Structures are given as C-alpha cells and as structure tokens.
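Architecture at a glance
Next come the chains, spelled out residue by residue.
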Amino acid sequence: MSMQIKIKRIDKTLPLPKYETAGSVGFDLICRESAEIPPQSIVLIPANVIVETPPGYMLMVCLRSSTPRKLGLMMPQGVGIVDNDYCGEEDELKIQVYNFTDEVVNVERGSRIAQGIFVRVGTAEWNEVEQMSAASRGGFGSTDR
C-alpha cells in the first residue's frame, strides 16, 4: 500500500530517502552532516528531512542491520518513535547513536546508517477497574522457568 507523504529536505543536494528494493519495508535515512562519535558517547546526527507522518501512523526510526557490525554504533533507546505531529519547520529527524566501541567512530555525510518505517498505531481510552478478570500468569519473567 503506497501513501502520499509530505517531506521536506533541509539540504537539497542530498537525495530523498528511498526504498532500496521492491521488498524493503524501511526507507534509508541519509546523514546530512559528518559526525564524530567519541567512545561510549551519544550523538544526534541530522537526517536531512522533515516528514509529515499521516494520522493513525507513527514513523519508527531504526538502525540499518549492518550499522552495529560495520561501525560499532547502536541506538541507545533501541528504536526511535516519531509522533505524527512532529513535522514543523524545526522538526528535522535525528538519528540518535551510541558508540559502544573504545575508538572514535566517524560517520560521513551522505551515509545511510538508519531507516524509517511507517507503522499503524491506535490510541487507548482507559477503563479503570478494581480487579482484572484474567488469571495471573505469575508475573514478570514467569515463562523463563
């Protein structure tokens, strides 16, 4: 299913994000600036785009599967969640990376280290109760016996 998505590039000399294959569910995000990430440090790398995510969706930002192995970088929060109202003129996507190595990691301008995926979401209306109707499974970690 294809969606029409409003997008603004900050630097128009860099290409728009694209899906690399017909089967890709994520589109590659491109680093707008080169970055130097010191060991054991977190840095935000601008991804060159502002994206207007449609209502009922979120934009999930993940590292490409090769990024930890090739560069020694990971996302400290595991995955980035971009709300659909994060699309103003100052709301450029940023790729948050953590250097888990003991060496400085350099990411060059134009590198593809992360990807975006549109995910359908819903919101909840809370119905607070005094007791849950299902039997307890035994608590956190109970299936690891």
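Before going into details, it helps to say that this report is about the structure given with it. (Residues numbered from 1 in each chain as written. Predicted model: local features only at pLDDT ≥ 70, side-chain atom pairs only at ≥ 80, totals over all residues. Heavy atoms only, no water.)

**Here's the deal with the overall build of the protein**
- A tally of regular secondary structure across the protein gives one helix and eleven strands.
- The secondary structure elements of the protein, listed N-terminal to C-terminal, are β-β-β-β-β-β-α-β-β-β-β-β.
- Here the C-alpha radius of gyration of the protein, 19 Å, is well above what a compact globule of 145 residues would show, namely 15 Å.
- When the backbone C-alpha atoms are referred to their principal axes, the protein occupies close to 55 × 40 × 30 Å.
- In the protein, buried positions account for 34% of the 145 residues.
- Contacts in the protein between residues far apart in sequence, at least 24 positions, make up 74% of those at least 6 positions apart.
- Carbon together with sulfur atoms contributes 51% to the accessible area of the protein, which is approximately 9900 Å² in total.
- If the 15 positive side-chain charges of the protein are averaged to one point and the 19 negative ones to another, these points end up 9 Å apart. (Helix = DSSP H or I, 4+ residues; strand = E, 2+ residues; numbered from the N terminus. Rg over C-alpha atoms; globule rule 2.2 N^0.38 Å. Buried < 20%, exposed > 50% of the residue type's maximum accessible area, 1.4 Å probe, protein only. Contact = heavy atoms within 4.5 Å. Areas by Shrake-Rupley, 256 points an atom, 1.4 Å probe, with all protein chains shown as cover. Lys, Arg positive; Asp, Glu negative; His and termini not counted. Charge placed at Lys NZ, Arg CZ, Asp CG, Glu CD.)

**Things to note about the packing of aromatic side chains**
- All chains considered together, the criterion is met by two aromatic pairs.
- On the basis of an interplanar angle of 75° and a centroid distance of 5.6 Å, the ring pair of Tyr19 and Phe27 is categorised as edge-to-face.
- Using a relative accessible area of 41% as the deciding quantity, one classes Tyr19 as partly exposed.
- By relative accessible area, which is 6% here, Phe27 ends up buried.
- Ring geometry for Phe27 against Phe118: centres 5.6 Å apart, planes inclined by 35°, an arrangement best described as tilted. Taken together, the positions of Phe27 in strand E2 (residues 27-30) and Phe118 in strand E11 (residues 112-120) put the pair 91 residues apart, joining distant regions of the chain.
- A relative accessible area of 18% places Phe118 in the buried class. (Phe/Tyr/Trp six-rings, centres within 6.5 Å; stacked < 30°, edge-to-face > 60°.)

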